[in-house]
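Descriptive structure summary
The primary structure of each chain is shown beneath.
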Amino acid sequence: MAFKCVSHIKEDHGNQIFGVKFNEFLEDERTFATVGSNRVTVYRCQEDGTIKPLQAYNDANSEECYYTCTWSINKDNCHSLLVVAGALGILRVINTSTVASWKSYCGHGNAINELKTHPLIPQLVLSASKDHSLRLWNIQTDVCVAIFGGVDGHRDEVLGTDFHMLGGSIVSCGMDHSLKVWQLDTSEIKDAIEASEQHSARSNKNFPTLRCHFPAFSTREVHSNYVDSVCYFGNTILSKSCENKVVWWKPVLQLSPDTTPTSSSQPLPPVSSSSSSVSGDSVVALRSLEVQLCEIWFMKMCLNERLGLLALGNQIGKVTLWDMTIDDPIKSKIQVLSHNKCNTAVRHVAISKNGKHIVCGCDNATIWLWDHKTVGDYATAK
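Residues numbered from 1 in each chain as written. Predicted model: local features only at pLDDT ≥ 70, side-chain atom pairs only at ≥ 80, totals over all residues. Heavy atoms only, no water.

1. A short note on the overall build of the protein chain
The cut-off we apply is this: For helices the rule is a DSSP run of H or I covering at least 4 residues; for strands it is a run of E covering at least 2, with both sets numbered from the N terminus onward. With a 1.4 Å probe rolled over the protein chains alone, any residue whose accessible area is under 20% of its type maximum counts as buried; one over 50% counts as exposed, and the rest are partly exposed. What makes two residues a contact is simply this: any of their non-hydrogen atoms within 4.5 Å. Note on areas: Shrake-Rupley with a 1.4 Å probe; residue coverage comes only from the protein chains shown.
A tally of regular secondary structure across the protein chain gives 2 helices and 30 strands. The proportion of buried residues among the 382 residues of the protein chain is 56%. Of the contacts made within the protein chain by residues no fewer than 6 positions apart, 55% connect residues no fewer than 24 positions apart. Of the accessible surface of the protein chain, which amounts to about 16400 Å², a share of 49% is contributed by carbon and sulfur atoms.

2. A few points about the confidence of the model for the protein chain
As a reminder, the rule being used: Values of pLDDT, the confidence the predictor places in each residue, fall between 0 and 100.
Mean pLDDT over the protein chain: 90, with 89% of residues reaching 70 or higher. The low-confidence segment residues 255–281 (pLDDT under 50) makes 42 contacts with residues lying over four places distant or belonging to another chain. Note on residues 375–382: pLDDT under 50 across the span, and 5 contacts to partners over four residues away in sequence or across chains.

3. Section: the pairing of strand β28 (residues 346–351)
We apply this condition: In this scheme, strands are said to pair when DSSP sees at least two bridges between them.
A large share of β28 lies buried, amounting to 6 of its 6 residues. Note that β28 and strand β29 (residues 357–362) share 5 bridges and pair antiparallel. Each residue of the ladder has a partner; that of I351, found in β29, is I358. Following β28, the chain reverses through 5 residues before pairing antiparallel with β29; G355 in that reversal takes a positive phi of roughly 75 degrees.

4. Here we look at the pattern of salt bridges
Side-chain pairs of opposite charge can arise whenever the charged atoms involved come near each other. Short version of the rule: By definition here, a salt bridge exists when the distance from a side-chain nitrogen of Lys or Arg to a carboxyl oxygen of Asp or Glu is within 4 Å.
Counted according to the given criterion, the structure contains 10 salt bridges. D162 is the salt-bridge partner of K116, the closest N and O atoms lying 3.4 Å from each other. In this pair, K116 is assigned in strand β10 (residues 112–117) and D162 in strand β14 (residues 158–163), connecting sequence segments 46 residues apart. Across this residue pair, the class does not change: K116 and D162 are buried. We note a salt bridge from R347 to D363, for which the minimum N-O separation is 2.7 Å. Of this pair, R347 sits in strand β28 while D363 sits in the loop between β29 and β30 (366–373), placing them 16 residues apart in sequence. Looking at R347, the relative accessible area reads 10%, which means it is buried.

5. Topic: the sheet that holds β29
Which entries qualify depends on this criterion: Fitted lines through C-alpha atoms serve as axes, helices being fitted only where they are in contact, and the angles separating the N-to-C directions of these axes extend from 0 to 180 degrees.
Strand order in this open sheet of 4 strands is β1-β30-β29-β28, and the pairing throughout is antiparallel. Each edge of the open sheet is held by one strand with a lone partner, namely β1 (2–10) and β28. Adjacent strand axes in the sheet meet at a mean angle of 20 degrees when their direction is disregarded. Note: β1 against β30, 8 bridges, orientation antiparallel. Each bridged residue has a counterpart across the sheet, and for K10 the counterpart in β30 is T366.

Have a look at this one:
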């Protein structure tokens, strides 16, 4: 496996590119979106390696700064939907199939740092906010299904979140150094999701948003600084902090006797003897991935869970790739992507579903495209 830099482009607003995301709902896996400043742009990776702009949207409010984006789909007509959010705490849904702003949602009391789409129910979108909470939205029926936070929630900004691949739980991380797992397959959450599917805005009835104050699991053992990026890898978790490392670990959930086993409490995948096995009361650390010059916060990693490919950028424009399916911690680091003109912080990395394209957004408003090449491809090109 090898990736080669094939193209780059610079957006004219000149500010940081905070979010990059491929549209995984399209059969053609070449379309991606970026967010930075008050701009949203949709691009396509061309066959010749160039990046072609398709659509661009500017927020009417010049004080908006978008931090994150996620793709969804309208289940009624299969239109592609792009959900974006940022400094003003407003979710905006853009219908990229009709090239129009579709919906907006308010509810958070401060900026939104990350958005994620439910892996099985794409009309459900999760937002993580500076107001110390997470919210689950149904963008098809326009309701806030649930709020996660409060009594035992985060005590500072929530910087990152992710869904378990089966949708049974979410994990969140934040400035309070903590990581929390919240169950979505309890009867209360299931009922709330079902009710949101049946809700109609024309009924003139307020939707009874569920409030979840208590996570199923919480720890501050993994990191000692801001935790700004987290993702599920099977039933294990990868989390990144401002400590020049990514930690691969698994939670030990203490379930009550009357709790039904869930997707996040299923047997964990086997761990090789080469992995470290440092265990505590609630966490088992599997591996630590060391990086360099990755000490500033809000630098997001990306995991292609199907391929086990992990990518993370650093402060000088380099992107490290790991193959998480390789047992040997040394051999799992497969490549460092670098280019002499890419020398500012890489805020976000996106990997296409088929693993053929990697896109990263940088502090100087540049977007870099790396394509997967085999040895044969390189020989043909030469």
